[in-house]
Amino acid sequence: MVSRVGIVGDGVIGMAIALVAASRGISVTLFGDHTPGAASPASAGMLAPSVERSDGPGQAFSDAARAAWPRLLELVRVQGDPGFRLTQQGILQVALTEADADRLQRSLRGPDRWLGAAEARRAEPALQPNLVGAAHFMDDGLADVPSALASLERATLRHPLIARHRTPLRRLDACGAQLTLTDAAGADHEVDHGVLAAGVWSPTLEGLPRALPVTPLRGTLAAVGVPLLSVPVYGPDGHCYVLPREGGTVIGATADAVGFDATPGPSDLSTLQRTGSSILPALAAAPITQHWTGLRPMTPDRLPILGPDPALPALLYACGHSRNGFLQAALTAEVIADLLTGTDRADIGPFAVDRFIERLNT
Ligand code: GLY
């Protein structure tokens, strides 16, 4: 049994790993101090593998990840926390042309349903009146990001096996079978395993055995103070979406590869208002009350990096979740906790770090 684990990164994935690992009796130190520009607080919280699709093993992982969220909710409640809003009432994806409708009808799976225009507008009266119809992806849903992060924060602070260390980590060194983690103040922390869950900053940890191809993709979202929806709705392209949050409506999201710049682009808000109002016309006249930006940690194949480094098995990767960090957080945490307790996870083979060939120092 592993006794000491250092988790690098305190976003949704780092906090979820800490909680799941601690629930299995593992002592954990969670390093990080909510870096500005991080993806987690900027996320929409869409649990939408039916819309944001992947190829092959990525799709199976995302489908399983959606089902892991109620288990994470249960774990925060075990810590005496009231929990967070997790809705699993399905999501809609609208078709604005006959071609969209053909494509979306072919994408329905299992319990999903096709709604004609009138039925879609009965379900969500604020939808575009000219829509052709909508796919209703019945098993998809939404994690409410502000309440989920607050709840995970409280639960990780409360758990007796989790220590929080607010000074970020700078460096990692192998020390026999163990690791030494050095923080930005120069203090060393000896651990049996390190878990790298630092989102877009994962490749910047000094001493990694290899270069990680994780790069930032900036996303801006905006909110209006008008409640227009009961369930999340995607546009036909699967990138623009609108969702209910805290008595208002959130519009997402832009996608720009501009490095580590986490300030919104000059046209981001007008882009969001335009794309959002193609789904919900009332958004054209609704003043934006809030906006925010985060950096998605993208990999070349859009799949996460999970599991041990072959050259340094004490180091486990849990990063590079690309556009699906919130969706995949709870299952990532279970996978990492399984690996830490010696349970094999053959299903994560496709996400191994050595699928990328780039190496540091070679
Ligand atoms: N998964 C939502 C986004 O990346 O904007």
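Refer to the structure presented above.
Note that the coordinates shown come from a computational prediction; the quantities given were computed from them, not determined experimentally.

S.K.: Quick question: what am I supposed to make of the site of the ligand here?
M.R.: Residues in close proximity to the ligand include E52, Y241, A253, R296 and R323, which together make up its full environment. Measuring from a nitrogen atom of the ligand, one finds a side-chain N or O atom of E52 at 2.9 Å. In this structure, an oxygen atom belonging to the ligand sits 2.7 Å away from a side-chain N or O atom of Y241. Residue composition of the shell around the ligand, by class: two nonpolar, no polar and three charged.

S.K.: Help me out: how do you make sense of the packing of helix α3 (residues 57-78) against helix α8 (residues 325-340) in this one?
M.R.: Two measures define how a pair of helices packs: the angle their axes make with one another and the distance between the axes. It is at 7 Å that the axes of α3 and α8 come closest, and there the two elements cross at 80°. On the basis of their axis angle, the class for α3 and α8 is roughly perpendicular. Residue-level inspection shows F61, S62, A64, A65, R66, A68, W69, R71 and L72 of α3 in contact with α8, the latter providing F326, L327, Q328, A329, A330, L331, T332, E334 and V335. In terms of residue class, the contact of α3 with α8 is made up of 12 nonpolar, three polar and three charged.

S.K.: When you look at helix α7 (residues 268-279) in this model, what are you seeing that I'm missing?
M.R.: It helps to recall that an α-helix has 3.6 residues per turn; residues three or four apart then point in one direction. Helix length check: α7 (12 residues) gives 17 Å between terminal C-alpha atoms against 16 Å at 1.5 Å per residue, within 8%. Burial in α7 covers these residues: D268, L272, G276, S277 and I279. The buried side chains of α7 occupy one side of the element, clustering within an arc of 150° when seen end-on. Where the residues of α7 are buried, they touch β5 (91-95), β14 (215-224), β15 (233-234), β16 (241-245) and β17 (248-252).

S.K.: Explain the sheet that holds β16 here, please?
M.R.: Strand pairs in the sheet, formed through backbone hydrogen bonds, run parallel or antiparallel to each other. Judged by pairing direction, the sheet is mixed, and its eight strands sit side by side in the order β6-β7-β5-β15-β16-β17-β14-β18 without closing on themselves. The two strands at the open ends of the sheet, each matched to only one other strand, are β6 (113-116) and β18 (288-298). Inspection of the sheet shows β16 paired to β17 by five bridges, in the antiparallel sense. Bridging across to β17, R245 finds its partner in G248.

S.K.: How should the sheet that holds strand β19 (residues 305-309) be read in this particular structure?
M.R.: Across the sheet, which stays open at both edges, the six strands sit in the order β9-β2-β1-β13-β20-β19 with mixed pairing between neighbours. Strand pairing shows two members of the sheet lacking a second neighbour, β9 (162-165) and β19, which therefore form its edges. The mean angle between the axes of side-by-side strands here comes to 20°, regardless of whether they run parallel or antiparallel. Bridge analysis of strand β1 (residues 4-8) against strand β13 (residues 193-196) gives four bridges, and the strand direction is parallel. If you follow G6 over to β13, its bridge partner there is G194. Contacts from α8 reach β1, β13, β19 and β20 (312-319), with the element oriented near 170° to β20.

S.K.: Before we go on, may I ask you to explain the layout of surface pockets in this structure?
M.R.: If a probe as big as a water molecule is rolled over the atoms, it shows which places are left empty. Taken as a whole, the second largest pocket holds about 380 Å³ of empty space. Looking at the second largest pocket, it is lined by 21 residues, and the ones nearest its centre are V51, E52, R53, S54 and H239. Taken together, the residues that form the lining of the second largest pocket break down as five nonpolar, eight polar and eight charged.

S.K.: Just checking my understanding: could you explain the environment of T97 for this structure?
M.R.: In this structure, T97 sits in the loop between β5 and α4 (98-106). Of note is the side chain of T97, whose polar atom sits 3.0 Å from the backbone nitrogen of D100.

S.K.: So what exactly am I meant to see when it comes to the side chain of S147 here?
M.R.: Positionally, S147 belongs in helix α6 (residues 145-158). You can call S147 buried: its relative accessible area is 14%. In terms of polar contacts, S147 uses its side chain to reach the backbone amide nitrogen of R85, at 3.3 Å. Those residues within four positions of S147 in sequence are excluded, and the remaining contacts are F84 and R85.

S.K.: Can you help me understand α6 in this one?
M.R.: Taking 1.5 Å per residue, 14 residues should reach 20 Å; α6 reaches 20 Å between its end C-alpha atoms and fits that length. Where α6 is concerned, the buried positions are V145, S147, A148, L149, S151, L152, E153, A155 and T156.

S.K.: Would you take a moment to explain the nonpolar core for this structure?
M.R.: The nonpolar side chains of a soluble globular protein tend to be buried with one another. One finds I7, I17 and W69 to be the most contacted residues of the largest nonpolar core, which totals 50 residues. When contributions to this core are tallied by element, the ones reaching two or more residues are β1, α1 (12-23), β2 (27-31), α3, α6, β20 and α8. Those residues in contact with I7 that lie beyond four places of it in its chain are G14, I17, A18, V28, T29, L30, F31, V195 and A197.

S.K.: How should I be thinking about the pattern of salt bridges in this particular structure?
M.R.: Think of it this way: side chains of opposite charge can pair up when their charged atoms draw near. Going through the model one piece at a time under the given rule, you end up with 20 salt bridges. In this structure, R154 engages D81 in a salt bridge whose closest nitrogen and oxygen atoms are separated by 2.5 Å. Taken together, the residues span a long stretch of sequence, with R154 in helix α6 and D81 in the loop between α3 and β4 (86-87) at a distance of 73 residues. Classification of R154 by relative accessible area gives partly exposed; the value is 35%.

S.K.: Any chance you could explain the pairing of β14 here in plain terms?
M.R.: In regular strands, side chains alternate between the two faces of the sheet. Most of β14 sits out of view: nine of its 10 residues are buried. In this structure, β14 lies alongside β18, joined through 10 bridges in antiparallel fashion. Note on β18: the bridge partner recorded for T215 is M298. The pairing of β14 with β17 spans three bridges and is classified as antiparallel. Bridging from a neighbouring strand, V224 pairs with T249 of β17.

Calculation criteria
- Position numbers for residues start from 1 in each chain and track the written sequence from start to end.
- Predicted model: local features are reported for residues with pLDDT of at least 70 only, side-chain atom pairs are reported and counted for 80 or more only, and whole-chain, interface and lining totals are derived from all residues.
- In computing side-chain properties, one takes all heavy atoms of the structure into account and sets aside hydrogens as well as water.
- Near is defined per residue: the residue qualifies when any heavy atom it owns lies within 4 Å of the molecule or strand.
- N or O atoms closer than or at 3.5 Å make up a polar contact, with two conditions inside protein: a donor-capable atom paired with an acceptor-capable one, and, for residues adjacent in sequence, both atoms drawn from side chains.
- Three residue categories are used. Nonpolar comprises Ala, Val, Leu, Ile, Met, Phe, Trp, Tyr, Cys and Pro, charged comprises Asp, Glu, Lys and Arg, and polar comprises the others, including Gly.
- Fitting a line to C-alpha atoms yields each axis, with helices limited to the stretch in contact; the angle taken between N-to-C directions then spans 0 to 180 degrees.
- The helix and strand labels rest on DSSP assignments: H or I over at least four residues marks a helix, E over at least two residues marks a strand, and numbering proceeds from the N terminus.
- Note on angle classes: values under 35 degrees are labelled roughly parallel, values over 145 roughly antiparallel, values of 65 to 115 roughly perpendicular, and the remainder oblique.
- We call two residues in contact whenever any of their non-hydrogen atoms come within 4.5 Å of each other.
- Between the first and last residue of a helix there are one fewer steps than residues, each counted as 1.5 Å, and that sum is the expected span.
- Relative accessibility under 20% of the residue-type maximum defines a buried residue, over 50% an exposed one, and the middle range a partly exposed one, all with a 1.4 Å probe and only protein chains included.
- This arc corresponds to the set of directions leading from the helix axis out to the C-beta atoms.
- One requirement defines pairing of two strands: DSSP has to find at least two bridges between them.
- Cavity: a set of points on a 1 Å grid over the protein atoms alone where a 1.4 Å probe fits but cannot get out. Pocket: an open set with protein on both sides within 12 Å along at least five of seven lines, its lining residues, like those of a cavity, having an atom within 4 Å of a point.
- Grid points are joined across faces, edges and corners, and a volume is the space filled by probe spheres set on the points.
- Only buried Ala, Val, Leu, Ile, Met, Phe, Trp, Tyr and Cys residues count toward a nonpolar core, and they belong to the same one when joined by side-chain atoms within 4.5 Å.
- Here a salt bridge means any side-chain nitrogen of Lys or Arg lying within 4 Å of a carboxyl oxygen belonging to Asp or Glu.

It is worth stressing that arrangement in space is one thing and function is another; only the former is reported here.
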